[in-house]
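Given next are the chains, with one letter for each unit.
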Amino acid sequence: MNADDKKIRALYRLGRQENPSNLVDKRIKNAAHRVTLKRQRRWVWSLSTAAVIVLSFTVVLNVVETEIETTSNFPISAPLSQGVINDIAPIEIENSFSEDTSLTMHETKEFESQVATKLESRKHKMAKEKLEPTRNKANLKRMNAAPSLLTLASPADSALALEEQSEHLTLPVLPTELHGLLLLDDSLTGDEVGNKIQVFYKDKKIIELIKYRSLVVFKAWKGSEIISLKVNWDMAISELKNCEVRRAKKICNLNKHIQAVLIEEKLEYIIWEQEVE
Amino acid sequence: MAKTDISDESLYVSWKDGDKTAFDLLYERYRQPLFLFLLRRGHTQSAAEDVFHDSWMRIIDGNSKFNEQHFRGWLYTIARNLSTDLFRKLAIRTAGSLQDENIEAHHVSTQRQQEGIDCIELIKVSLQNLPLDQKDVFLLKEEAGLSLQQIADMLCVERETIKSRIRYAMKKLRDWMEDCL
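Here goes a summary of the coordinates provided. All of these numbers come straight from a predicted model, not from anything done at the bench. (Residues numbered from 1 in each chain as written. Chains lettered and ligands numbered in written order. Predicted model: local features only at pLDDT ≥ 70, side-chain atom pairs only at ≥ 80, totals over all residues. Heavy atoms only, no water.)

Considering the pairing of strand β5 (residues 196-201) of chain A
All names here are of chain A.
- Along β5, 5 of the 6 residues are buried, which leaves the element largely enclosed by surrounding structure.
- Pairing geometry for strand β4 (residues 188-193) and β5, over 6 bridges, is antiparallel. Along β5, the bridge assignment pairs Thr-189 with Phe-200. (Buried < 20%, exposed > 50% of the residue type's maximum accessible area, 1.4 Å probe, protein only. Helix = DSSP H or I, 4+ residues; strand = E, 2+ residues; numbered from the N terminus. Pairing = 2+ DSSP bridges.)

Right, dumping it as structure tokens:
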């Protein structure tokens, strides 16, 4: 670039005075700000919509879960419908498999043996002190059940032993608070989330209860003998009537209060309801 | 980092993300250069303002595809295209001048004598008389600050072509502004 070109450029720059009018500036900036605002609103709207969707989904999920839990137990005065069975089956299967299949055969046997030993030692203790398990005696509640399925696991209680022979078996009225349940045995552990309480013995769930306004729904698994609930887990399946099958699960109405859930022709857990006093 | 150090592209993205001050900063950077580019290209003040406004609206509305690599090139391409469209509509000469250069030089010189304009005004008048392709190269270099290669890319021609155009433009300007040099 020669000197003349530099002068030309310098002269050109000296003449750079014109500007767009303020009105144009304002119009352009306003348009840009409007777009920014619109984008922000869109973003807020999207976020709000997403939040509402998530909340709605959560609420619906909770409602569905509650309904499933409610319908998974026998209605007090109505027989279990196919719809109810269909609703509860998948969830129950998942729960049962995930919890029970985690134990190996050896572990299961060991667990059973531990429960038996614990019961035996308690039996001796009660016989020695000539004490009855007051919690059972005081809280007994009559509920009709299949004779061979449910009994109270307190052989020291002769009254109960007699009842075992009759058609009227008795279920214990269990505490409905976690603290009360844990008091039933020193080895128990548990947790409470919302209206759901779970009780574990040796890290295996043996009791689960869900509290409703005037009703508590109990579920009991193998091992619940430790809290005086005796269930013949190896009972003959042929004795059970009024069963509904869904996928790998069979749900049998023992009576209008008690339900047995079987998987692969093996009793997995029982469900019953207890009124809140 | 000072705001002046932020690249055009970052400001544009920030504005897109909701930072309206980013747009203001970007606008201030190109407010005068872009307007002068349009004005010196041959538009009247009012027409230049219209094209200037429309160019920014294209940017704001996002109707044109943003080349993230080079905001400046994108902005000037939009403005130049809109300006050319307007020239076409007004049937103003857009291609290289077919007029004899001597006639142009005579025209500039006569205009200067008649109006008694100074050198600063003379260069403005001289620019108006350059063929549009040469004028574009001069203005894109001076106002947009683009390199020869960037101008070549923008106009889709070889870099050598741009060099030739700028050489011709400067030669004509030297001739017409002889008295001022």
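Re the environment of Glu192(A)
Residues and elements named next belong to chain A.
- Counting through the fold element by element, Glu-192 comes out in strand β4.
- Note: C-alpha distance between Glu-192 and Glu-208 (16 residues apart in sequence) is 9.7 Å.
- Not counting chain neighbours up to four residues away, the residues in contact with Glu-192 comprise Leu-178, Ile-197 and Lys-211. (Contact = heavy atoms within 4.5 Å.)

Focus: the state of the cysteines
- Inspection of the entire model under this criterion finds 2 disulfides over all chains.
- Paired by a disulfide, Cys243(A) and Cys252(A) hold their sulfur atoms 1.9 Å apart. Where Cys243(A) bonds to Cys252(A) through sulfur, the torsion about that S-S bond is close to 110 degrees, and the disulfide is right-handed.
- The class for Cys252(A) is buried, based on a relative accessible area of 0%.
- The partner cysteine of Cys119(B) in its disulfide is Cys180(B), sulfur to sulfur 2.0 Å. Across the S-S bond linking Cys119(B) and Cys180(B), the dihedral sits near -95 degrees, which makes this disulfide left-handed. Pair noted here: Cys119(B) is in helix α6 (residues 119-128) and Cys180(B) is in the segment after α9 (159-176), with a separation of 61 residues, a long-range link.
- The class of Cys180(B) is buried, set by a relative accessible area of 16%. (Disulfide = S-S within 2.5 Å.)

Honestly, that's just the spatial picture; any functional story needs more than this.
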